[in-house]
Amino acid sequence: MKNRNVLLFVVGSLILLAGQFWVSSRYAKPVPRVEAPVVEAPKAPAQPTAPVQAPAPAAVSGVPAADPAAMHTLSTTDFRLTWQVATGALKQAVWLQDGTKFFPDTFAGLAAFQGQGFETVREEKGAEGTTVIFENAAGDRLSYAVPQKGLTLRVEGTTPRNAPVLLVANPASDEPVKHLGRVFSLTEKSVEAVTWAEMLHDPFFSFMGAKRKVLPPSAERLGLDAGLEKDEKNQRNHYFAALWKLPRPAGRDASGYQLLPENGHLSAALYLGPKQAETLTAFEKPYTKVIDYGFFGAVAHLLFWILKKVHALVGNWGWAIVIFTVIIRLATWTLNTKQTISMLRMKDFEPHQKAIQAKYEKFGSDMTKKAEMQKELMELYKKNGHNPMGGCLPMLLQMPIFLALWSMLNAVFELRHAPFFGWITDLSAKDPYYIFPVLMGASMFAQQAVTPAVGDPAQRKMMLVLMPAMMTFFFAQSPAGLTIYYFVFNMIGLAQTWWIMRSYKPQAITV
């Protein structure tokens, strides 16, 4: 009966959480304009600031401004870039290796000019690339120096009227940043990151007074996650980024981050590319912090270094994960052996435990007698040199490794679209036929079946089916590389458990 109640409690809790999430997302309050605190920036003559969704620019000196729908496109070795002519904003970047778009089609753009708008756009070809130049009759000029091969654009501006450039717009709804992840500011030692959803929606505990978050504090290094994966309705991983390197901290207000002119001049560097350690370090080392390795980042860094070394030898990321799994399992072999032996030893104690529990059963829920029973049990363990927590401690010590691996395999760009064999053509995407998740669940079931049985038999029987079923469902939506890792890990663990049980000899218990 107790086991049935536990199961009903778990299922009921999951249903309530899902219901709360659906209701809060379905009936969220309309999004008010975010009033973020203003960061002091160099003074400039007052100019009318255009809203994020700017109307058509006004005419300058009798010359009509460009049509807001007019776009300018340039292709390089790595990208196809698209600008809005009227504002000079970079609206889209397409990674030509596989056609991945960086931003939604409704994205407000990067580096939108906040003056009266541009009327013309032209290109100047050079030895190393092309400069795209936006100009108007008032003397405003915004240029992008785009290398033919490379990931960093040089953005320069001249504005006699000291008009600012909106580096990253703060939208009033989800649509301009749909499926994008975080916006962040970086210092030499840390990164401040906030998701767009956290800024545009009331938090889960808003009924208790929790407030929406605002843009991270301004800094000389700013950026946002980018890259819209194909067929991803609820995208979790973002393998690209758009990053600003500024000569000074940007201004920050309700419209977003703005770079204000200094003596009528603007200058910045813009990185567009993968969140890959080598390319980010080449831009500037602090930007490597945008790779989200999770809470156990230092452990994840080390594990990925090992994985890259293995890949350098075998040349395939799938086989590198298999060999890497073997290395990790061998490194934790002693801990896993101690855990299994501890569980087998607990089986030796089981008749004596039951005898002690039966002796105190007549006292019911008397807490004094229960304390005496626990003391007698601990004396029994101590007399035989056994630590009842010995089976749990190795598992706890391995948790940082498991969590670091989870974050690392979900985050690294190198595994994106990396094939293994057969139907696994992308290790960063889920298994399209769910074969490895089913195999992983079956391996977990088999490992639990051969693991020494301790505790309540009815509860163990329930968990024997419930846990593999839950994990199979969970891994069905996880990257194939991660599922392969856990499948191989379980198979090695299964073989290790079988060998230990085959060679283990029960030991006499001193009562």
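Keep in mind it's a predicted model, so treat the numbers as computed, not measured. (Residues numbered from 1 in each chain as written. Predicted model: local features only at pLDDT ≥ 70, side-chain atom pairs only at ≥ 80, totals over all residues. Heavy atoms only, no water.)

Peer 1: Please clarify how the overall build of the chain should be interpreted in this entry.
Peer 2: When helices and strands are tallied, the chain shows 11 helices and 17 strands. By the burial criterion, 46% of the 511 residues in the chain qualify as buried. Sequence-distant contacts in the chain: of pairs separated by 6 or more residues, those separated by 24 or more amount to 65%. Of the roughly 26,300 Å² of accessible surface on the chain, 63% is carried by carbon and sulfur atoms. (Helix = DSSP H or I, 4+ residues; strand = E, 2+ residues; numbered from the N terminus. Buried < 20%, exposed > 50% of the residue type's maximum accessible area, 1.4 Å probe, protein only. Contact = heavy atoms within 4.5 Å. Areas by Shrake-Rupley, 256 points an atom, 1.4 Å probe, with all protein chains shown as cover.)

Peer 1: It is not clear to me how the packing of aromatic side chains should be interpreted in this structure. Could you clarify?
Peer 2: Each aromatic ring pair is summarised here by two numbers: the centre-to-centre distance and the angle between the ring planes. Per the counting criterion, the structure on display carries 30 aromatic pairs. When the centroid spacing of 5.1 Å and the interplanar angle of 85° are considered together, the rings of F295 and F296 count as edge-to-face. What makes F295 exposed here is its relative accessible area of 76%. Taking the relative accessible area as the measure of exposure, F296 reaches 25% and is therefore partly exposed. Ring geometry for F304 and W317: centres 6.4 Å apart, planes at 15°, overall stacked. Linking F304 in helix α4 (residues 297-314) with W317 in helix α5 (residues 317-331), this pair joins segments that are 13 residues apart in sequence. When sorted by exposure, F304 lands in the same class as W317, which is buried. Through a chain of ring-to-ring contacts, three or more aromatic side chains come together here, namely F79, W95, F102, F103, F107, F240 and F413. Note that K245 overlies the ring of F283, its terminal NZ or CZ placed 4.6 Å from the centroid. Positioned above the aromatic ring of F489, the side-chain terminus of R329 is 4.2 Å from the ring centre. (Phe/Tyr/Trp six-rings, centres within 6.5 Å; stacked < 30°, edge-to-face > 60°. Lys NZ or Arg CZ within 6 Å of the ring centre and 35° of its normal.)

Peer 1: Please explain α4 as it appears in this structure.
Peer 2: Three or four residues apart is the spacing at which side chains of an α-helix point the same way, because the helix has 3.6 residues per turn. For α4, built from 18 residues, the straight-helix expectation of 26 Å at 1.5 Å per residue is met to within 8% by its first-to-last C-alpha distance of 25 Å. Residues of α4 that are buried include every one of G297, A300, L303, F304, L307, V310 and H311, and no others. The buried residues of α4 occupy an angular sector of 135° when the element is viewed end-on, so they sit on one face. Along α4, the residues that are exposed and aim more than 90 degrees away from the buried face are A298, A312 and L313. Looking one or two residues beyond α4, the residue adopting positive phi is G315, at roughly 80°. (Expected span 1.5 Å × (residues − 1). Arc of directions from axis to C-beta.)

Peer 1: Can you walk me through the packing of α4 against α5 in this structure?
Peer 2: Between two packed helices, both the angle of their axes relative to each other and the distance between the axes serve to describe the pair. Two elements in contact, α4 and α5, have axes separated by 9 Å at closest approach and are oriented at 125°. Between α4 and α5, the interaxial angle falls into the category oblique. Relative to α5, the crossing made by α4 is right-handed. Mapping the contact onto sequence places L303, F304, I306, L307, K308, V310, H311 and V314 in α4 and W317, W319, A320, I321, I323, F324, I327 and I328 in α5. (Axes fitted to C-alpha atoms, helices over the stretch in contact; angles between N-to-C directions. Parallel < 35°, antiparallel > 145°, perpendicular 65-115°, else oblique. Left-handed = near helix turned anticlockwise from the far one by under 90°.)

Peer 1: Would you mind showing me how to read the sheet that holds strand β6 (residues 120-125) here?
Peer 2: Strands pair in a sheet through their backbones, by hydrogen bonds, and they do so in one of two ways: parallel or antiparallel. Reading across from one edge, β6-β7-β8-β9-β17-β14-β13-β11-β12 is the order of the nine strands in this open sheet, with antiparallel pairing throughout. Lying at the two open borders of the sheet, with one neighbouring strand each, are β6 and β12 (191-195). Between one strand and the next, the sheet's axes are offset by a mean angle of 20°, whatever the strand orientation. Both β6 and strand β7 (residues 129-135) contribute to a ladder of six bridges, which runs antiparallel. Looking across to β7, one finds that E123 is bridged to V132. (Pairing = 2+ DSSP bridges.)

Peer 1: Sorry, what's going on with unusual backbone geometry here?
Peer 2: Outside of glycine, negative phi angles account for most residues, and trans bonds account for most peptide bonds. Phi at H179 takes a positive value of approximately 75°, unusual for a residue other than glycine. Here H179 is to be found in the loop between β10 (165-169) and β11 (182-186). Taking relative accessible area as the criterion, H179 reaches 31% and is therefore assigned partly exposed.

Peer 1: Which parts of the structure should I look at to understand the pairing of strand β9 (residues 152-158)?
Peer 2: Two faces make up the sheet, and in a regular strand the side chains alternate between them. Covered by surrounding structure in β9 are L153, V155 and G157 only, the residues T152, R154, E156 and T158 on the alternate face being uncovered. Of the pairings in the sheet, the one linking strand β8 (residues 141-147) to β9 comprises five bridges and is antiparallel in character. By the bridge assignment for β9, R141 is matched with T158. As consecutive antiparallel partners, β8 and β9 are separated by four residues, and within that stretch G150 has a phi angle of approximately 155°, a positive value. Inspection of the sheet shows β9 paired to strand β17 (residues 265-274) by seven bridges, in the antiparallel sense. Directly across from L153, in β17, lies its bridge partner L270.

Peer 1: Whenever I open this one, the nonpolar core confuses me. Can you help?
Peer 2: In globular proteins that are soluble, nonpolar side chains generally tend to be buried together. The biggest cluster of nonpolar side chains holds 97 residues, and the ones touching the most others in it are L110, L167, L224, W244, L272, M408 and Y485. Residue contributions to this core peak at eight residues, all from helix α11 (residues 480-503). Ignoring sequence-local partners within four residues, the contact set of L224 consists of F103, F107, L110, V168, L180, R182, V183, F184, W196, A241 and A242. In this structure, F349, I356, Y360 and I509 belong to the second largest nonpolar core, which totals nine residues. (Core = buried A, V, L, I, M, F, W, Y, C linked by side-chain atoms within 4.5 Å.)

Peer 1: What should I look at first to understand the environment of I291 in this one?
Peer 2: Relative to the elements of secondary structure, I291 occurs in the loop between α3 (277-283) and α4. For I291, a relative accessible area of 8% gives the class buried. Along the backbone, I291 and D225 are 66 residues apart, and their C-alpha atoms lie at a distance of 9.7 Å. Discounting residues that sit within four places of it in the chain, I291 has contacts with K275, Q276, A277 and L280.

Peer 1: Would you take a moment to explain the pattern of salt bridges for this structure?
Peer 2: The final tally for this structure, using the stated rule, is 17 salt bridges. For D202, the salt bridge identified is with R212, shortest N-O distance 2.8 Å. You can see D202 sitting in the loop between α2 (196-200) and β13 (221-226) and its partner R212 sitting in the loop between α2 and β13, a full 10 residues away along the chain. On the accessibility criterion, R212 (19% relative accessible area) is buried. (Salt bridge = Lys/Arg side-chain N within 4 Å of Asp/Glu carboxyl O.)

That's the geometry; what it means functionally is another story.
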